[in-house]
Amino acid sequence: MGSQKKMSITPLSLLRVTKHQIPAFKGIPNTSIQGKPLIIYHGAFASASASQIEAHLNSIAQVTPQWRYTMYSDTHFHSTTHEVLVISSGSAKCCFGHEDNPHRVEPVLDKGDVVVIPAGVGHRLIQDYGGFQMVGSYPSSSTRWDMCYGRVGEEDKVKAISDLTWFGRDPVYGDDGPSLHV
């Protein structure tokens, strides 16, 4: 354990949070179905490795970490599940809502940020500023995540978003946290 540095999580009272409602755009429903916003926890993990992030998320038991990767550069969304992304290294500019949507959100995400993406919200990588990697997680109760692109033929998948349940506990903070106040 000597080489393992201590993980630090920002106290809720000091956490900066931004929430975004993004209207539907073409075939991408964004937040229009359930009305749950895209939520960014800025700097939630002050100092944590990907392994420490995964261990923390597993300890809260709302989401299951499933991969470590960057974000795809094509706009996509998930119809079967919400998604929680924790930036484990680097920084990047990402797009939420579709790059042609005048109501899109284009934050620069940095190491330690958390993004709670409701099912249906389109997202893509715009520019990697160096070493951008995330831990991708999904609610423990959900079925396998899918990939949708706002194309003809995905309408039934989009309708199914209304049946998804939201988090019972915050995926990062547990019994209290930003996702429970939406």
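Residues numbered from 1 in each chain as written. Predicted model: local features only at pLDDT ≥ 70, side-chain atom pairs only at ≥ 80, totals over all residues. Heavy atoms only, no water.

K.L.:
Got a minute to help me understand the UniProt feature "domain: Cupin type-1" (unreviewed entry) in the protein in this structure?
P.N.:
In this numbering, the UniProt entry assigns the feature "domain: Cupin type-1" (unreviewed entry) to residues 76-123. The span residues 76-123 is 0% helical and 46% strand by assignment, and the distance between its end C-alpha atoms comes to 6 Å. (UniProt positions renumbered as here; feature names shortened; annotations may be inferred. Helix = DSSP H or I, 4+ residues; strand = E, 2+ residues; numbered from the N terminus.)

K.L.:
Please explain the pattern of salt bridges as it appears in this structure.
P.N.:
Any two side chains of opposite charge can pair, on the condition that their charged atoms come close. Evaluation of the coordinates by the stated rule reveals five salt bridges. For the salt bridge of Arg68 with Glu54, the shortest nitrogen-to-oxygen distance reads 2.7 Å. Here Glu54 lies in helix H1 (residues 50-60) and Arg68 lies in strand S5 (residues 63-69), a separation of 14 residues in the sequence. Note that Asp175 is salt-bridged to Arg169, the shortest N-O span being 2.9 Å. Since its relative accessible area comes to 28%, Arg169 is described here as partly exposed. When salt bridges with common partners are traced through the structure, they connect Lys93, Arg104 and Glu106 into a single cluster. (Salt bridge = Lys/Arg side-chain N within 4 Å of Asp/Glu carboxyl O. Buried < 20%, exposed > 50% of the residue type's maximum accessible area, 1.4 Å probe, protein only.)

K.L.:
What am I meant to see in the pairing of strand S8 (residues 114-117) here?
P.N.:
Taken residue by residue, a regular strand's side chains alternate between the two faces of the sheet. What you see with S8 is no split at all: Val114 and Val116 on one side and Val115 and Ile117 on the other are buried throughout. Sheet topology note: the strand S6 (residues 83-96)/S8 ladder contains four bridges and is antiparallel. Bridge pairing in S8 places Leu85 opposite Val115. (Pairing = 2+ DSSP bridges.)

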